[in-house]
Amino acid sequence: MDTSRRIPVPDAEVGLRPAVSLSALLALAPASAVGGVLEAEETRGAQIVEAVPEWPAVDRVFTGATVWTSAGDRLTGGYVVVQGGRITAVGEGAAPSIEGAEVVSLEGKHLTPGLIDTHSHLGVYAAPHATAHGDGNEMTAPTTPGVWAEHSVWPQDPDFEHAVAGGITALQILPGSANLIGGRGAVMRPLPTLGSRAMRFPGAPPTVKMACGENPKRVYGNKHRAPSTRMGNLRGQRQAFLGAEQYLRKWKAYEEKRGRWEAQQDDPPRKEKDRMKKPDPPARDLDKETLALVLEGVVLPQIHCYRADDMLAMLQVAKEFGFSVRSFHHATEAYKIADVLAAEGVAASVWPEWWGFKMEANDAIPANAAMVAAAGGRAVIHSDSAITIQRLNQEAAKAWASGQQAGLELTEEEAMRWVTLNPAWALGIDDETGSIEVGKRADLVVWDGPPLSVYSTAEQVFIDGALVYEPSAESPPWSDFAVGGEVAP
């Protein structure tokens, strides 16, 4: 791409239009930092060159819609007030009058939170699909926690815009599952930017992709190296965390010494012999650093795991080393341990019906998500596909219908949470998005019919209150790769 060109950023009300030159964006700005151990080191690694574009959010009052809040009951004839990119009022009946706000009548329409996909490879396996775009698996060692998916994400992937057209307003982009620990994931907003870091969801915690079962043992077994069995998988996971424990102890000891040294600078001892020498930090190790932050609860583990016994084994590893699994992904046998997942507070990010493509996927059932939800767990519908992400609402509907057929009395509102609030929780962003509640970001989708219907489509998509998708809007494609002819979804 010619970086001297201008990139698309939103004009006030008309979708996306060219506006800002690259030279105006080359300002150094830190991304969100973590607290505690390794805070300074993480902050250094999260610096950004491309300034994050500001997306103009117009104040609006949406009226007359069926509002699916994902936080309670459905509202009939509901209203939602958006000011400064945030939701400031939600209710039924007559909407409040807001000076200067645009009133949007949505009679006969449905308004939902933006959809969230916990498992995507957009950008790391970008369209058009080619070997040169295969940047999702660092298959050079069984554990590579030091690699970051965002360093592979290509923002020019046309599928980002296709995902938004399906109502997606946030997604987690993950490394592949070849490795026991494949690297950090990236929670992103699908917006046109030059660099991937500018797509980061503000304040989202880091995540790490891990994997168990067939994939790692096949990849490395075929290379005649460990792991080649499930017991080899578990040894590799445990060994990696043993190293991380030692690394974390070194850093905590250093930071304790540094704290005492800093205190002496304000109140130096009278005797020279009592004065501390400034301590040197331990040598950094990017692989151990990621896992140390897992142990600290800063990085959220997202684990590719199909079979029930594999998930239980990974929960045992988590207990051994004192961390929490945030979500199992694919989890085709989650229904077998739905009570355990609910008790442990672990989300299950699943498909509604993928099965049978390898041995560990053979015992999948269509009511998987519904059974997890019925047991009190957090069911999530994910895509793992550049096609499926465009119809995540329909995938949730299929999973809900399968539950109904199995005799599970779950509401449609519960099904909507599988693609809104529950995935937001799995990614650690549920305090900011995932439901239509006062104070949250105005990530919203206007549907021309019930959102769980195969006949409904997204008419408007808003991210932080800015209109980013409207089929009728005449705006250039987000990706230079789509200029002159749209890449087929």
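Novice: Residue-level account of the overall build of the chain, with values.
Specialist: Along the backbone of the chain there are 11 helices and 20 strands. Considering only C-alpha atoms, the chain reaches an extent of 75 × 55 × 45 Å along its principal axes. Per-residue burial for the chain yields a buried fraction of 55% across its 489 residues. Of all intrachain contacts in the chain linking residues separated by at least 6 positions in sequence, the fraction that spans at least 24 positions is 69%. In the form shown here, the chain has an accessible surface area of approximately 20,300 Å², with 50% of it arising from carbon and sulfur atoms.

Novice: Go over the environment of E360, please, and point to the residues and values.
Specialist: Considering the arrangement of structural elements, one finds E360 in the loop between β16 (347-350) and α8 (368-374). You can call E360 buried: its relative accessible area is 1%. Here the alpha-carbon distance between E360 and G203, two residues 157 residues apart in the chain, equals 36 Å. Setting aside its immediate chain neighbours within four residues, E360 contacts G213, E214, N215, R230, H304, Y306, R307, D310, T332 and E333.

Novice: Tell me about the packing of helix α4 (residues 230-266) against helix α5 (residues 286-295), and name the residues and values.
Specialist: Packing of α4 against α5 leaves a shortest axis separation of 8 Å and a crossing angle of 80°. Between α4 and α5, the crossing angle belongs to the class labelled roughly perpendicular. Across from A240, F241, G243, A244, E245, Y247 and L248 in α4, the residues of α5 making contact are K288, E289, L291, A292, V294 and L295. Taken together, the residues of the contact of α4 with α5 break down into nine nonpolar, one polar and three charged.

Novice: Could you give me a rundown of the sheet that holds strand β15 (residues 327-330), with the residues and numbers involved?
Specialist: Strands sit in the order β10-β11-β12-β13-β14-β15-β16-β17 across an open sheet of eight strands; the sheet is mixed. Looking at the sheet topology across the chains shown, the edges are occupied by β10 (115-120) and β17 (379-381). Sheet twist, expressed as the mean angle between neighbouring strand axes with direction ignored, is 25°. As paired strands, strand β13 (residues 207-211) and strand β14 (residues 300-305) are joined by five bridges and run parallel to one another. For K209, the partnering residue across the bridge sits in β14 and is Q302.

Novice: Quick rundown of the state of the cysteines? Include the residues and the values.
Specialist: Across all of its chains, the model carries one disulfide by this definition. Each disulfide pairs two cysteine sulfurs, and for C212 the partner residue is C305, the sulfurs being separated by 1.9 Å. For the disulfide bridge between C212 and C305, the dihedral angle about the S-S bond is near 140°, and by the sign convention the bridge is right-handed. A residue pair is termed long-range when its members are at least 10 positions apart, and C212 in the loop between β13 and α3 (214-221) and C305 in strand β14 qualify at 93 residues. Classification of C212 by relative accessible area gives buried; the value is 2%.

Novice: How would you explain the pattern of salt bridges if you had to name every residue and give the values?
Specialist: Summed over the entire model, instances satisfying the criterion amount to 30 salt bridges. E102 serves as the salt-bridge partner of R60, at 3.7 Å between the closest nitrogen and oxygen. Remark: E102 occurs in strand β8 (residues 102-105) and R60 occurs in strand β5 (residues 60-67); sequence separation between them is 42 residues. Judged by relative accessible area, which is 3%, R60 ranks as buried.

Novice: Got a sec to walk through unusual backbone geometry? Specific residues and values, please.
Specialist: For the bond from A127 to P128, the omega torsion is -5°, close enough to zero to count as cis. Here the amide bond leading from A226 into P227 is cis, since omega sits at 0°, within 30 degrees of zero. Structurally, P227 is set in the loop between α3 and α4. Even without glycine at this site, H224 takes up a positive phi of about 60°.

Novice: With reference to specific residues and values, describe helix α9 (residues 392-405).
Specialist: In a regular helix each residue adds 1.5 Å, so 14 residues correspond to 20 Å; α9 covers 20 Å between its end C-alpha atoms and thus fits that length. Among the residues making up α9, those that are buried are L392, N393, E395, A396, A397, A399, W400, S402 and G403. On its buried face, α9 is in contact with β10, β11 (168-173), α8, β17, α10 (412-417) and β18 (444-447). Phi for G407, located one or two positions after α9, is positive at around 90°.

Rules and cut-offs
Residues numbered from 1 in each chain as written. Predicted model: local features only at pLDDT ≥ 70, side-chain atom pairs only at ≥ 80, totals over all residues. Heavy atoms only, no water. Helix = DSSP H or I, 4+ residues; strand = E, 2+ residues; numbered from the N terminus. Buried < 20%, exposed > 50% of the residue type's maximum accessible area, 1.4 Å probe, protein only. Contact = heavy atoms within 4.5 Å. Areas by Shrake-Rupley, 256 points an atom, 1.4 Å probe, with all protein chains shown as cover. Axes fitted to C-alpha atoms, helices over the stretch in contact; angles between N-to-C directions. Parallel < 35°, antiparallel > 145°, perpendicular 65-115°, else oblique. Nonpolar A, V, L, I, M, F, W, Y, C, P; charged D, E, K, R; others polar. Pairing = 2+ DSSP bridges. Disulfide = S-S within 2.5 Å. Salt bridge = Lys/Arg side-chain N within 4 Å of Asp/Glu carboxyl O. Expected span 1.5 Å × (residues − 1).

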